[in-house]
Amino acid sequence: MAEIVIKGLRKEFGSFTAVQSSTFTVKDGEFFMLLGPSGCGKTTTLRMIAGLELPTSGEIWIDGEEVAQKPASQRDIAFVFQMFALYPHLNVRRNISYPLVSQGMPKALVKEKVAEVAKILGIEGILDRPVGGLSGGDRQRVALGRAIVRRPKAFMMDEPLGALDAEFREHMAEELRALHDRMRATTVYVTHDQLEAMQMGDKIVVMNHGVVEQFGTPQQVYDHPATMFVANFIGSPAMNFLPFQGHMARGASEVTLGDTRIETPQLQETAPGPDLVLGVRPEHVWLDDASTYRGRILATEYLGTSQIVTLSAPNGQIKARIPSARNVRTGDTIGLTFTASTLALFDKASGRALRTSVNAEVHNG
Ligand code: ATP
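None of the values given here were measured: they were computed from a predicted structure. Starting afresh in each chain, residues are numbered from 1 along the sequence in its written order. Per-residue local features of the predicted model are confined to residues with pLDDT of at least 70, and side-chain atom pairs are confined, for both listing and counting, to 80 or more; whole-chain, interface and lining totals are unaffected and use all residues. In computing side-chain values, all of the structure's heavy atoms are included and hydrogens and water are not.

### Focus: unusual backbone geometry
Reasoning step 1: Of note, the bond from S236 into P237 is cis; its omega dihedral lies within 30 degrees of zero at -5 degrees.
Reasoning step 2: Elements are defined by DSSP. Helices are runs of H or I of four residues or more, strands are runs of E of two residues or more, and each kind is numbered from the N terminus. One can find P237 in the loop between α8 (228-233) and β11 (240-245).
Reasoning step 3: With an omega dihedral of 5 degrees, the bond running from G273 to P274 counts as a cis peptide bond.
Reasoning step 4: Along the chain, P274 falls in the loop between β13 (260-263) and β14 (275-280).
Reasoning step 5: A positive phi is found at D76, a non-glycine position, where the angle reads about 55 degrees.
Reasoning step 6: In this fold, D76 is placed in the loop between β5 (65-66) and β6 (77-80).
Reasoning step 7: Exposure categories follow from relative accessible area, calculated using a 1.4 Å probe and restricted to protein chains: below 20% of the type maximum is buried, above 50% is exposed, and the middle band is partly exposed. With a relative accessible area of 30%, D76 lands in the partly exposed category.
Reasoning step 8: A positive phi angle is found at R184, which is not glycine, with a value near 55 degrees.
Reasoning step 9: One can find R184 in the loop between α5 (166-183) and β8 (186-191).

### Focus: the nonpolar core
Reasoning step 1: For the purposes of this section, nonpolar cores are sets of buried Ala, Val, Leu, Ile, Met, Phe, Trp, Tyr and Cys residues that join through side-chain atoms within 4.5 Å. Residues V92, I96, I123, F155 and Y189 are the most contacted members of the largest nonpolar core, which totals 45 residues.
Reasoning step 2: Note on contacts: a residue pair is in contact if any heavy atoms of the two residues lie within 4.5 Å. Each residue touching F155, except ones within four places of it in the same chain, is listed here: A78, A147, I148, M183, A185, T186, T187 and V188.
Reasoning step 3: Counting 28 residues, the second-largest nonpolar core is a separate cluster that includes L242, V280, I318 and L345.

The structure is reproduced here in structure tokens:
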């Protein structure tokens, strides 16, 4: 299996730049997510790694070898698409064995390898069934079987669960992650679904308009977003943004919103402003009548164990995730406090997170 190193990868289609200059490393055995909205360049990046698209510039290293200009056939990578086309006239066994048979592998060895893969995927019982009548999940398993049977260096998966309904999708996501944990095969997985990326990935690259906004573990990108785009894209409801005007000196550890001083992590750089933004996740907003920072309750949304309360506050709307047992009434005005150590500060013009005492690793790459 293989480490994949991407350096300054760029793809232009005529005058349009789909991928600007991506740099990241997929470590050997990692489940690595390429996450971002539609059109941000995820699939193009994946296709370049697989050799299905030639980069305009940049380097792709697989297992210590520079392969950017090599054809797909010389990269030993398996590609799993959302709509994986199985051969409808062949049964499950022959669909899975196809890549081995076409390599000219001896029959006995093919049989052994297919049996091994069927066991990993739990599809021993359907090997002789035609693929036509299979459920969506079994078809996906057969598709995976065909991809893993030749034990490639790495897997490229492009929204493989995209066509499944929500419940089944969650089940297959767990199954795929469990399969990965058993095989430890380097996997690059494209998704626009932040929850899927958070649940399944060891690492996440968040892309927007062809640019890598951040690269890190799910916890790093959630707790310490490098940009306002990442803070907004990851988490549901998204991070609250409270814009304010000011200049913050290096070492500052509070901001003033309205008449209220709010404690923040200590700033490690000077922020000239004037347009700055305080970022707070809904689960770090507290209803506390002692606070002079106040908001009027506009709506509540009951979610079972928690509820989302939407408030109108001096710096804009705020969503708070609070226990559902707490009694709140639309129209009431209530004090708000925030968990200081979790707050983020952004420069509004660039959208960049300011360096503070808690997000150093984001800025150290
Ligand atoms: P989606 O989930 O919608 O596929 P994505 O993030 O995977 O989004 P890409 O498919 O990589 O996005 O496409 C990135 C941009 O490049 C899009 O604006 C797309 O229209 C453009 N693009 C992709 N392939 C080509 C091509 N062959 N020729 C011209 N433009 C292309």
